[in-house]
Each structure stands twice: as C-alpha cells, then as structure tokens.
Amino acid sequence: GAGVSQSPSNKVTEKGKDVELRCDPISGHTALYWYRQSLGQGLEFLIYFQGNSAPDKSGLPSDRFSAERTGGSVSTLTIQRTQQEDSAVYLCASRSGTLPTDTQYFGPGTRLTVL
Amino acid sequence: AQSVTQLDSQVPVFEEAPVELRCNYSSSVSVYLFWYVQYPNQGLQLLLKYLSGSTLVKGINGFEAEFNKSQTSFHLRKPSVHISDTAEYFCAVSGPGNTGKLIFGQGTTLQVKP
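All values reported here derive from a predicted model rather than from experimental measurement.

A covalent bond bridging the sulfur atoms of two cysteines is what the word disulfide describes. One pass over the full model with this rule turns up two disulfides over all chains. Here A:C23 is linked by a disulfide to A:C92, with a sulfur-sulfur distance of 1.8 Å. Taking the torsion about the S-S bond as the criterion, the A:C23 to A:C92 disulfide, at about -65 degrees, is left-handed. Taken as a pair, A:C23 in strand 3 (residues 19–24) and A:C92 in strand 8 (residues 88–95) lie far apart in primary sequence, 69 residues in all. For the pair A:C23 and A:C92, a shared accessibility class is recorded, and that class is buried. Linked covalently through their sulfurs, B:C23 and B:C91 form a disulfide whose S-S length is 2.0 Å. Linking B:C23 and B:C91, the disulfide has an S-S dihedral of approximately -65 degrees and is accordingly described as left-handed. With a gap of 68 residues between them, B:C23 in strand 4 (residues 23–26) and B:C91 in strand 10 (residues 87–94) connect regions that are remote in the sequence. Of the two residues, B:C23 and B:C91, neither departs from the other in class, the shared state being buried.

Put into structure tokens, the structure is as follows:
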C-alpha cells in the first residue's frame, strides 16, 4: 500500500518568508510525528499528534514553528519568518496501533533551504 | 534525560567482511531501542527493535543487535556486508512518556567498498 508522503520534496525560500510543509500519513494511522534532520543537530523530534488528543509540542524549537493535523489525517508544519538555521530535511512519520513501540513509518522528507 | 551516542561517524568496510556499528544510550528508566537505516535520498526504515525479552534481536537484511543493560549498549552487527548496505544508520531510544517519540544518535555512515 501507499506509504507516508510529503510535499514538496524540495523547497527553497528567502529568509523571512513563511513556508508550509505537508505530510500525508498512511491511511488509518492515528499517530503522526514530525522530525527535523540537520547537519548541526542530527535528527530531532519536533511534534507528535495522537488522535484527538492535544499534541506534544515539546520539540518545537521556537514559536515560529507550528503544526496542525486536520481531520486526524493530513498534517501541515508551518515555519514563519524563516531563518537560515531552519534549513534542514523535515521528516514525517506515522504509526498505527495504540502502543508507542509500534513501528513508525517515515516519509521521504522535505528538504528546506533558506537563502 | 535520555540520550544516544553512536561512537563512530563513519565505518569503512570491504564487501563480505563483518561489521559492527556501536551505540550506547543513557537512561534512568527502562528503554526501548531501535536501529533505523537511511539510504541516499530516502526516508528512514526500521531495521530492528528491542522491546523486552531476548537480548539478541534479529532484523531485516541479515542485521542483528544485542541489548546489553550493564554496558548500556545496543550494537548493530552483520556477519557479511554487501555493497547495497552502504547507507546511514541511526540508533534511537524511545523517549519519556507514552508518545513513542524517538531520540536519535548522530548516525553512522557505513561505506562498503568492493
């Protein structure tokens, strides 16, 4: 079946502009994660959604970052007033089941470059 | 706080040779441990995971890992590597709470040479 998809695959923007990154999880998966992969910081957790529960935003690096998940499916990560240090690959993952140890399936990522 | 250390940033090895990628973790509570692989320009794929029970875990593509609680390690091994194993490998621990969020190591690039 279809895996996790993300769009766009690449995004180049100018410093100070807002960007939106999209994630389509595997159908039926109730849990959704965003991670960031950058040269300086490695792979970092950003935010977690589970069903209708309040999201775990503990990994968001600043208030310029926000995310939403509409209808329990598609998620959008928004970065306002982008900075050069936001340049990274943003990965989305989804998970089925109720156990946090169930496998997370990752999308191919969105490569963000801030000029 | 939980953390993961991958001791080698790069591991060069010849084809058909054995390989070990090292991973150490720190945690004050019980942990769940994972190894993921990332091929060039692709997302992360789960190789194997340790949740409980037998400390020797077998995964896909002939990889296995051993959980050692006393040494707080979870090293990844393969007895004979192929060119196609060239990729970046990430060790991860399941973070605090019941969210399943992963805390990753810095990654190890495995370079398999012919």
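After that view, the rundown keeps rolling.
Moving on: the pattern of salt bridges. For the structure shown, the criterion picks out 10 salt bridges over all chains. For A:D24, the salt bridge is made with A:R22, and the minimal N-O distance between the two is 2.8 Å. On the accessibility criterion, A:D24 (22% relative accessible area) is partly exposed. Given a relative accessible area of 38%, A:R22 falls into the partly exposed group. Residue A:D56 is joined to B:K101 by a salt bridge in which the shortest nitrogen-to-oxygen separation is 3.3 Å. Here A:D56, found in the loop between strand 5 (42–50) and strand 6 (65–69), pairs with B:K101, found in the loop between strand 10 and strand 11 (102–104), and the two come from separate chains. A cluster of three or more residues bridged by salt bridges with shared partners is formed by B:E20, B:E66 and B:R77.

Definitions and limits used
Residues numbered from 1 in each chain as written. Chains lettered and ligands numbered in written order. Predicted model: local features only at pLDDT ≥ 70, side-chain atom pairs only at ≥ 80, totals over all residues. Heavy atoms only, no water. Disulfide = S-S within 2.5 Å. Helix = DSSP H or I, 4+ residues; strand = E, 2+ residues; numbered from the N terminus. Buried < 20%, exposed > 50% of the residue type's maximum accessible area, 1.4 Å probe, protein only. Salt bridge = Lys/Arg side-chain N within 4 Å of Asp/Glu carboxyl O.

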